[in-house]
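# Chain and residue survey
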Amino acid sequence: MSAASSHIERLPRSLQLTLALGAVALALYPVMGLDSTGYYTQMLTQMMILAIFAMSLDLLQGVTGMVSLGHAAFFGLAGYALAFLTPDSGPVSLWWSLPLAAAGAGVAALIIGFFVVRTHGIYFIMVTMAFAQMIFYLFFDNRSLGGSDGIYVYFKPSTALGPLTGGEELFNLDNRITFFYFTLAVLLLVYAFLRRLLFSPFGRTLAGIRVNEHRMRAMGYGTMWYKLTAFTLAGTLAGVAGYLWAAQTGFVNPELMGFHLSAHAIMMVILGGMGNFAGAIIGAFAFEYLLHVFKDMTKHWQLLMGGFIVLIVIFAPKGLLGLGQALHDRLLGASTPPPPVGGNGSSEAANKTTQGGARV
């Protein structure tokens with residue numbers, strides 16, 4: 001399968017409208033009174049956080065063509081950053097701790113990326129996993145960093161702006177509905193930023209690297225620096241997701257840095273559809289939903305999930321988003337009458353035949 005045939009960047013307007021309606025339904029869910037316990041609101045919040053994480057990986061995997069099995073390291077580092085920045089006596093300010101945690105993950109991605117972007121293919125996958133495992137065991141074996149038990153985050157970040165708000169918070173993240181809408185706002189901002197980036201000169205260069213890096217180098221592009229920038233940016237956005245995860249769950253442990261979470265993110269991107277960040281969002285929601293369904297069905301849920309991913313790869317190589325586009329094209333083709341053939345109204349296609357019947 002070619003790089004171009006397994007990626008999807010533009011969607012038909014009807015599919016865009018469907019996704020927009022889905023976003024509206026998601027935004028209205030907490031205020032519809034359907035979740036008295038708050039369980040599903042929290043679950044949807046976690047899905048949105050993982051969607052941000054999946055979009056950050058899609059920038060590498062779907063746009064640039066770099067498959068990383070160590071992406072969760074940056075997710076976990078930002079979560080630990082929040083845990084270390086939050087004092088025991090009260091919450092830390094959201095307005096400086098979030099940028100600092102994301103920047104810390106970005107710096108780690110810059111340092112690691114300086115080495116890994118020099119490799120290609122399977123070597124890139126293995127080196128990213130090796131760096132992630134090094135970070136995993138650094139925290140797992142070090143009791144001063146929490147050890148295998150992890151660290152609790154007892155307070156959600158504060159949104160107060162000091163004297164500007166008189167010490168009062170702009171909104172209370174302890175409220176699960178407020179946290180839901182804050183996460184939704186971050187999700188939409190990250191999506192808008194990445195979509196704008198995708199069709200910028202920088203984004204088109206990354207897409208060119210995915211299709212044919214040798215040709216891009218021959219045209220004079222410094223592909224290593226473009227890939228390093230993409231790797232750093234992806235790590236920074238993964239850090240945003242890791243920060244939100246730690247703030248919502250109130251707990252971090254080394255498992256957040258393990259390659260299992262990186263593998264889950266890869267499956268989310270593949271399931272939704274690579275190359276379109278809406279696909280990463282759909283993949284994250286679909287993957288987490290199926291995870292809950294399969295776990296309720298059997299203790300061997302990994303077999304069901306693995307089989308489902310295999311079927312998606314075989315029968316829908318562009319993921320759920322590409323499957324939706326294929327259904328749209330088929331329905332549109334079925335509703336469009338065939339062009340007239342023969343007489344004065346013969347089609348242009350009919351005129352493109354030679355006397356021997358072969359097409360030009």
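It should be noted that the structure appears before, not after, this text.
This report concerns the structure included in the present document. Residues take numbers from 1 onward in each chain, read along the sequence in its written order. Local features in this predicted model are restricted to residues of pLDDT 70 or higher, and side-chain atom pairs are both shown and tallied only at a pLDDT of 80 or more, whereas totals for entire chains, interfaces and linings draw on every residue. Side-chain metrics in this entry use all non-hydrogen atoms of the structure; hydrogen atoms and water are not considered.

Here we come to empty space enclosed by the protein. Using protein atoms alone on a 1 Å grid, points that fit a 1.4 Å probe yet trap it form a cavity, whereas open point sets bounded by protein on both sides within 12 Å along at least five of seven lines form a pocket; residues with an atom within 4 Å of a point count as lining. Grid points are joined across faces, edges and corners, and a volume is the space filled by probe spheres set on the points. Counting across every chain of the model gives one cavity of 30 Å³ or more. Taken as a whole, the largest cavity holds about 30 Å³ of empty space. Taken together, Ser68, Gly70, Ala73, Phe74, Ile112, Thr128, Phe131, Ala132 and Phe231 form the lining of the largest cavity. Helix and strand definitions here come from DSSP, where helices need a minimum of 4 consecutive H or I residues and strands a minimum of 2 consecutive E residues; each element is numbered from the N-terminal end. Where the lining of the largest cavity is concerned, the elements lending two or more residues are α3 (72–85) and α5 (121–140). The dominant element in the lining of the largest cavity, judged by the number of residues it contributes, is α5, at three residues. In the scheme used here, Gly and all other residues not listed as nonpolar or charged are polar, with Ala, Val, Leu, Ile, Met, Phe, Trp, Tyr, Cys and Pro taken as nonpolar and Asp, Glu, Lys and Arg as charged. When grouped by side-chain class, the residues that make up the lining of the largest cavity number six nonpolar, three polar and no charged.

Now for the packing of helix α6 (residues 176–198) against helix α8 (residues 223–249). The angle between two axes is taken between their N-to-C directions and runs from 0 to 180 degrees, where each axis is a line fitted to C-alpha atoms and a helix contributes only its stretch in contact. Packing of α6 against α8 brings their axes to within 12 Å, and their N-to-C directions diverge by 175°. By the angle between their directions, the pair α6 and α8 is classed as roughly antiparallel. Residues Phe179, Phe182, Thr183, Val186, Val190, Phe193, Leu194 and Leu197 of α6 touch α8, and the partners they reach there are Leu233, Leu237, Val240, Leu244, Ala247 and Gln248. Here the residues of the contact of α6 with α8 are counted per class, giving twelve nonpolar, two polar and no charged. Any angle that falls under 35 degrees is termed roughly parallel, while one over 145 is termed roughly antiparallel, one within 65 to 115 roughly perpendicular, and all others oblique. Two residues qualify as a contact provided that any one of their heavy atoms is within 4.5 Å of a heavy atom in the partner residue.

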